[in-house]
Structure formats: structure tokens, C-alpha cells
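# Secondary and tertiary structure notes
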Amino acid sequence: MSRFNGDWYSPTRLHDSPTQYHFPGDRFIPNRSLMDLDQAHTLLTSRTREVCNSTFSVSFCLLLLWSLGFGSWDEYRRKLEENLFFDSEGRPFRMLVFRGSPKSSKKSIRFLDEMQQQDEAEALHNKNIKQFQYRHLPKKESRVLDAPRINDDYYLNIMDWGKRNILAIALGSDLYLWNAETGHSQKLMQVDDQEDYPTSIAWCEDGRRVAVGHLSSKLQLWDAETFKLIRSLEGHDDRVGIAAWNGQILTSGSRDKSIINHDVRARNSLTCRVQIHSQEVCGLKWSITGNKLASGGNENLIYIWEASKMCSSNFLHRFSGHQAAVKALAWCPYQSDVLASGGGTLDGCIKIWNIQKGTCINSIGANAQICGLEWNRHHKEILSGHGFSATGHQNELCLWKYPSMSKLGELKCHSSRVLHLSQSPDGSTVVSAGADETLRNKSITLKIRRIIMCNSKSSKYALN
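As a starting point, this report considers the structure included with it.

Procedures and definitions
Residues numbered from 1 in each chain as written. Predicted model: local features only at pLDDT ≥ 70, side-chain atom pairs only at ≥ 80, totals over all residues. Heavy atoms only, no water. Helix = DSSP H or I, 4+ residues; strand = E, 2+ residues; numbered from the N terminus. Buried < 20%, exposed > 50% of the residue type's maximum accessible area, 1.4 Å probe, protein only. Contact = heavy atoms within 4.5 Å. Areas by Shrake-Rupley, 256 points an atom, 1.4 Å probe, with all protein chains shown as cover. Polar contact = N/O pair within 3.5 Å; in protein donor to acceptor, adjacent residues only side chain to side chain. Salt bridge = Lys/Arg side-chain N within 4 Å of Asp/Glu carboxyl O. Core = buried A, V, L, I, M, F, W, Y, C linked by side-chain atoms within 4.5 Å. Pairing = 2+ DSSP bridges. Axes fitted to C-alpha atoms, helices over the stretch in contact; angles between N-to-C directions. Phe/Tyr/Trp six-rings, centres within 6.5 Å; stacked < 30°, edge-to-face > 60°.

## Quick look at the overall build of the protein chain
In terms of helices and strands, the protein chain carries six helices and 28 strands. Sorting the 464 residues of the protein chain into buried and exposed places 43% on the buried side. Put simply, of all contacts in the protein chain between residues at least 6 apart along the chain, 46% involve residues at least 24 apart. Of the accessible surface of the protein chain, which amounts to about 25,300 Å², a share of 51% is contributed by carbon and sulfur atoms.

## A few points about the side chain of Ser-252
By the secondary structure assignment, Ser-252 is in strand S11 (residues 249-254). Among the polar contacts made by the side chain of Ser-252, one reaches the side chain of His-236 at a distance of 2.7 Å. Setting aside anything within four residues of it in sequence, one finds Ser-252 in contact with Leu-219, His-236, Val-240, Ile-242, Ala-243, Ser-258, Ile-259, Ile-260, His-262 and Leu-284.

## Structural notes on the pattern of salt bridges
Using the criterion set out here, one finds 13 salt bridges in the structure. Here Arg-417 ties to Asp-152 by a salt bridge, and the two come within 3.1 Å at their closest N and O atoms. Here Arg-417, found in the loop between strand S25 (406-411) and strand S26 (418-423), pairs with Asp-152, found in the loop between strand S1 (143-147) and strand S2 (159-161); they are 265 residues apart in sequence, far enough to count as distant. For Asp-152, a relative accessible area of 32% translates into the label partly exposed. One salt bridge connects Glu-225 with Arg-208, and the closest N-O pair in it is separated by 2.7 Å. Of this pair, Glu-225 sits in the loop between strand S8 (219-223) and strand S9 (228-233) while Arg-208 is found in the loop between strand S6 (198-203) and strand S7 (209-214), placing the two residues 17 residues apart along the sequence. Each of Arg-149, Asp-174 and Lys-187 takes part in one network of salt bridges that share partners.

## A closer look at the nonpolar core
Counting residues in hydrophobic clusters, the biggest one holds 26 residues, and the most contacted among them are Leu-175, Leu-177, Leu-188, Ile-201 and Trp-203. Within the residue set of this core, elements represented by two or more residues are S2, strand S3 (166-171), strand S4 (174-179), strand S5 (185-190), S6, S7 and strand S27 (429-435). The element best represented in this core is S3, accounting for six residues. The residues contacting Ile-201, other than those within four sequence positions of it, are Asn-157, Ile-158, Met-159, Asp-160, Ala-168, Ile-169, Ala-170, Leu-175, Val-210 and Ala-211. Judged by nonpolar contacts, the second largest core, of 16 residues, contains Ile-370, Trp-375, Ile-382 and Cys-398.

## Here we look at the sheet that holds S5
Pairing within the open sheet is antiparallel, and its four strands lie in the order S2-S3-S4-S5. The open sheet is flanked by S2 and S5, the only strands paired with a single partner. Along the sheet, successive strands turn relative to each other by an average axial angle of 20°, direction set aside. Both S3 and S4 contribute to a ladder of six bridges, which runs antiparallel. Bridge pairing in S4 links Ile-169 to Tyr-176.

## Side note on the packing of aromatic side chains
Applying the stated criterion across every chain, the model contains eight aromatic pairs. Between Tyr-303 and Phe-315, the ring centres sit 5.0 Å apart and the planes meet at 70°, which makes this aromatic pair edge-to-face. On the criterion of sequence distance, the pair formed by Tyr-303 in strand S16 (residues 302-306) and Phe-315 in the loop between S16 and strand S17 (317-319) is long-range, its members being twelve residues apart. Residue Tyr-303 is classed as buried on the basis of its relative accessible area of 5%. When the centroid spacing of 6.5 Å and the interplanar angle of 45° are considered together, the rings of Tyr-334 and Tyr-402 count as tilted. Of the two residues, Tyr-334 is situated in the loop between strand S18 (326-331) and strand S19 (338-343) and Tyr-402 in the loop between strand S24 (397-401) and S25; the sequence distance between them amounts to 68 residues.

## Notes on unusual backbone geometry
Cis geometry is found at the peptide bond from Tyr-402 to Pro-403, where omega equals 10°. Within the secondary structure layout, Pro-403 lies in the loop between S24 and S25. For Asn-165, which is not a glycine, the phi torsion comes out positive at approximately 65°.

## Points about the side chain of Asn-261
Relative to the helices and strands, Asn-261 is located in strand S12 (residues 259-263). Here the side chain of Asn-261 touches Thr-251 through a polar contact of 2.7 Å, side chain to side chain. Those residues in contact with Asn-261 that lie beyond four places of it in its chain are Ile-249, Leu-250, Thr-251, Ser-269, Leu-270, Thr-271, Cys-272, Trp-286 and Met-310.

## Overview of the environment of Trp-161
Inspection of the secondary structure puts Trp-161 in strand S2. In the structure, Trp-161 is positioned 260 residues away from Leu-421 in sequence and 9.5 Å away in space, judged by C-alpha atoms. In contact with Trp-161, other than residues within four places in its own chain, are Ile-166, Leu-167, Ala-180, Trp-203, Ser-422, Gln-423, Ser-424, Pro-425, Thr-429 and Val-431. Of the polar contacts made by the side chain of Trp-161, one reaches the side chain of Asn-165; its length is 3.0 Å.

Structure below.
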């Protein structure tokens, strides 16, 4: 006992010892230099710190402990004590050391931090290289389908791709369904009246029903599985050129300048009618969240509506930046308050709007009539389809980088204006329909472009 209380812990004994120490300790004051601070630094700055500093609840931490093999806090505490009382090489030590520790020839554990930083820097460098590689568009379409008797009318919206991978398109007085998986097509319906034909098509969100607007102001709901008419919806006095779904609400716009909401579940389906546009309503698009509606008119205006306040006819915003009719409207899939719009021939501009602030955040001159816009859901890009132009840029498909709106490429696959654009359910395919003026009978060639967008390992577009 006297030896234990003797000079074993005295500075003299430590100095006279043949063993070399980093720094001699003291019997009362712990020496920080004797602790394994490198290991402590590594543990504190490792990625697990991000989890500990997050807003996870205590219950989640318990679940995390159980997933790591600890059945209780006591078991975790015992494991913690074992790690605290032994150093990185398995030798006994205490957190507060009162004597010197022998010099070790082991390499500092800080080199693990350096290796981690090098790996992160290399990963970031590789990511930047991939990000700035040029993306290449295919030079030709993967499939071409004949679509005779399609109406060459800018104000119609007669092509839509449903959730069940079925493309609906109106050819003259007939409406066809084309299965993209099997390549088979079937006629859904035919208008017997020679003075009438489909003027708008919109798939329901479940892909089982399709809404069809007519020149005669009719709006019909068809079952795409049984090929039967479900019901007819009344309310318009002129052609229904555009329709859009929001859950069970079907919204339609007409040449009678009105916008109507139908609840297709109700017997008396008409729930709301607003008439704020001074000319034909040629563009309608519900936001992805379903709480806002954008409407474009032939008087060059865009109105933004809140779903809960449409019946009061009080719009949220009124945008007057375009100089021609606004048919092309598209909500950004990764920024819910961003809307893209395109103007007609006399305008030829693509504008990006911040709906939350009510401002235009970007405008780019495409120098051609804009008939359709489609956001790339897998990359920050937007595709535009163009019609007439006085500068030689007509009949093209153009790909733009968002948010800079710099042009990534263009495709001239149609000999006449691109009337319609639609995107497959998985976002990997875009279909464009345009009038081929090389055929005297105005026969239309429907061009399908297969673009691989969803493969994050490749920075180039590829044909299927």
C-alpha cells in the first residue's frame, strides 16, 4: 500500500523511467496530450455525426439502437464502457490519464480523415465531370406511325398519353387508342355527324377513362376498357378545345371563353363556371399538387387560379407577358411553383414564371410558334415543339437546359409544324405529331422519339 502511495506517480519517477513518454503526467491534473485525440476527432467528425445532429426523435434513436443489435440501454451502456476503457489497440486505458503513456510507433489515426477527404473530393470531381458532359439528341426517330386525317389546327389538343401506356389520338372524326407496349391500335369511338369531330382529349389519372371534347360543344367521358360511353357533360356553347383532370374534377376550356369544372362523380356534375378570358381558352394545366390551375387564352393572357377559390372568379395572378395566344403550358415537376408557358407565332417566346411571387424569372426567344412544352422529369430540362416561323426555325423540337434556358440541341424531324407533344408515363419517351405538308391530302406523320432520360449512369441520350 505504501508503494502504491509512493513515487510511482511522481514526476521524478516518470522522468527517471527508461520508458519514453510523450509528455509526463501529473497525479492530480490530467494531461490532454496523453489522450487519443486523433481517434476522438475522427469519431466526432465522421458521418454518424450528421445522424446524431439531425432532428430525429428519441424513439427513432431507440429503433436505431435495436437495429444495431442492442436490446436495451443497459446493453448499450456496457458496450460503451468497454470501448471507453480500451484504446484503439485493445490495451486498457482511462479517459482521464494521470500518468504518461509510452510512445507508440503506430501511425496517427488522422490519416483516416485524410483518406476520407480525398475520397469525397474525388467523388465530387467525377460528379462534376459527368454533369458537364454534353448531352446528345438522337438524329432520327425510333418509330414513325401514319396518322391520316388529323386536323391541322393550333387550337386543338387531340393527343394524350395515359398512365397505362396507351396513346389516344383523334384522326378526323375517329378516336384511336395505340398501345405502346404491343404496338396495336383500336378505334375507341367515331363521330357520325359530319359537322362534328373531337377537338380535345385528356386521360383520367387512373388511365381507365378518357375525356373527349367536341366541335359541337359536347364533352364526353369514355371507358377505355369497355369502349363504352359513360356520360355526356353539358355547359359549353362552342367547341371544347382543351380539357385537364385534377383527381375526379374534369376542367374544360372552350371557344365560348369559359372554363368549367365538372365533378364526374356527381349527378349534377357542373360545380364551377368562370368566364374571365376575353377570347378562346386554348391552354389548361393543373399543377402537380392539384391546388393551382393555369389557363391560357387567345388574347395572349395567362391566369393562375387557386382550386379553392375558382367559384368566386377571383384569380391569383394575371400574366400579360406574351404577344400571341398561349396554348403551351407546363408545370415544373421538381419545383411546384414554377410554370413554363409558350406563345404563338407573333410571340415565339418561352417564359418561366414564379407563381409564388407572381413574376417572370426567365424568358427566351425561340423565334417560332410554340405548340407544346414537356418537362424532362429525370433531368432539369424542357422540350419544346415549334410551328410557324419567319426566321427559318419552324417545325423543330428543341431541348433547353433549366434554369439557364440555354439550348442543348434541336431536332428537325417534321416537314410541317409540330402540333402536339406528349410524354410517356415513365418520362422516357416523347411523341410529337405534326402536319406533313409534302402530302397534298394533308396526311399527318406521327413521329415517336424514344429518348433514354432516366438512366442516371449515362449522360447521353440513346435510341431504343
